[in-house]
Amino acid sequence: MKISIKLGLWFFISIVFIESFSMIFLHDKLVHSQVHQELQALQARGNSHRAVLEINSDSATLHHIGLMESQTDTEVVITNTKGEILVSSTKINKNMENLLNKRINNLPRNGRILQPDWQNKKYIATVTAFNNKDGKKAGYVYMFRKTDEVQKLISQLNKHFLLASLLILIFMLITVFFLSKALTKPLISMKEATKKLSKGDFSVTLPPPSKDELGELSQSIQTLANDLNYLKQERNEFLASISHELRTPLTYIN
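Residues numbered from 1 in each chain as written. Predicted model: local features only at pLDDT ≥ 70, side-chain atom pairs only at ≥ 80, totals over all residues. Heavy atoms only, no water.

*Asks:* Please set out the overall build of the chain residue by residue, giving values where relevant.
*Replies:* What the chain contains, in helices and strands, is 5 helices and 5 strands. Walking the chain from its N terminus toward its C terminus, one meets helices and strands in the order α-α-β-β-α-β-β-β-α-α. What you see for the chain is a C-alpha radius of gyration of 41 Å, clearly larger than the 18 Å of a compact globule of 254 residues, by over 25%. Seen through its principal axes, the chain has C-alpha atoms that stretch 140 × 30 × 25 Å. Residues classed as buried in the chain amount to 29% of the 254 residues present. Once local pairs closer than 6 in sequence are excluded, the contacts in the chain between residues at least 24 apart make up 57%. Positive and negative charge centroids in the chain, built from 31 and 23 side chains respectively, lie 6 Å apart. (Helix = DSSP H or I, 4+ residues; strand = E, 2+ residues; numbered from the N terminus. Rg over C-alpha atoms; globule rule 2.2 N^0.38 Å. Buried < 20%, exposed > 50% of the residue type's maximum accessible area, 1.4 Å probe, protein only. Contact = heavy atoms within 4.5 Å. Lys, Arg positive; Asp, Glu negative; His and termini not counted. Charge placed at Lys NZ, Arg CZ, Asp CG, Glu CD.)

*Asks:* For the pairing of strand 2 (residues 85–88), give the residues involved together with the corresponding values.
*Replies:* Across 3 bridges, strand 1 (residues 74–80) lies against strand 2 in antiparallel orientation. Considered in strand 2, the bridge of I78 is made with V87. (Pairing = 2+ DSSP bridges.)

*Asks:* Can you lay out the pattern of salt bridges for me, pointing to particular residues and giving the numbers?
*Replies:* Note that side chains of opposite charge can pair when their charged atoms are close. Inspection of every chain in the model, using the stated rule, returns 4 salt bridges. Between E38 and R145 there is a salt bridge, with the nearest N and O atoms lying 2.2 Å from each other. Note that E38 is positioned in helix 1 (residues 3–55) and R145 in strand 5 (residues 137–146), a separation of 107 residues in sequence. By relative accessible area, E38 is classed as buried at 12%. (Salt bridge = Lys/Arg side-chain N within 4 Å of Asp/Glu carboxyl O.)

*Asks:* Hey, could you go over the packing of aromatic side chains for me, with residue numbers and the actual values?
*Replies:* Under the defined criterion, the tally for this structure stands at 3 aromatic pairs. Each ring, one from Y142 and one from F144, has its centre 6.5 Å from the other, and the planes form 15°; the classification is stacked. F144 shares its class with Y142; the two are buried. Taken together, the aromatic side chains of Y123, Y140, Y142 and F144 make up a single cluster linked through ring pairs. (Phe/Tyr/Trp six-rings, centres within 6.5 Å; stacked < 30°, edge-to-face > 60°.)

*Asks:* Go over the sheet that holds strand 5 with me, naming the residues and quoting the values.
*Replies:* Across the sheet, 5 strands lie side by side as 2-1-5-4-3; this open sheet has antiparallel pairing. Two strands in the sheet have a free side with no partner beyond their single neighbour: strand 2 and strand 3 (112–115). Between one strand axis and the next, the sheet turns by 25° as a mean value, whatever way the strands run. Note: strand 3 against strand 4 (residues 123–131), 3 bridges, orientation antiparallel. (Axes fitted to C-alpha atoms, helices over the stretch in contact; angles between N-to-C directions.)

*Asks:* Explain the nonpolar core to me, using residue names and the numbers behind them.
*Replies:* Of all hydrophobic cores here, the largest spans 20 residues; its most connected members are V35, L53, I78, W118 and V141. Among the elements that make up this core, the one with the highest residue count is helix 1 (6 residues). By size, the runner-up hydrophobic cluster in this structure holds 14 residues, among which are V77, M96, A129 and Y140. (Core = buried A, V, L, I, M, F, W, Y, C linked by side-chain atoms within 4.5 Å.)

Right under this line is the structure:
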């Protein structure tokens, strides 16, 4: 196998490994960040409803909140402290009912993420408590969002990552090809030079050496070729001189 192919394969395997690790790490971070943003947005929406309810929690306000959420991709369920539903923007199903029946203890002012599992559950959910005008706890605002919507966002993100990976792979192949050619070109020149030297052809001229190990090797081969060529010329001149010096005496003897 040629050294250019070997070098290209080593570069390709190394970069693929690094790229795969980086893309997986980046993908996990982006998915986690996206889900976290969705949960934070859902919780912030619940806090917004809480602020309105603490100003006025009459039936008209409750109806307005339910109607508003029915036109969005989120759902709201507002209950009193006994768990009785005051208003709901959608029909309560079993999955929502299970979350509504969860026991709530030490709920912070800004609420809590009730269901963060977007992969295995039907809903992600948050809960926020609201007080009456006397400052006493009056009920809870539950916010729901179907995980299908979140999974669609993650699916789009996966498609973008796949496209980016393919483009990076194509550019990487092109880069590795030209890089391996550029790195092995001096080695190929030196291989051809050594072939000439082994056949007795010392008229070798290598490209100007670079300032690295390959350059030093190229310079050494060039120096060797120059020295051998000089010795060849000196030998030829010596033999020519000897032949000339011996020709005259031999002529007299003959």
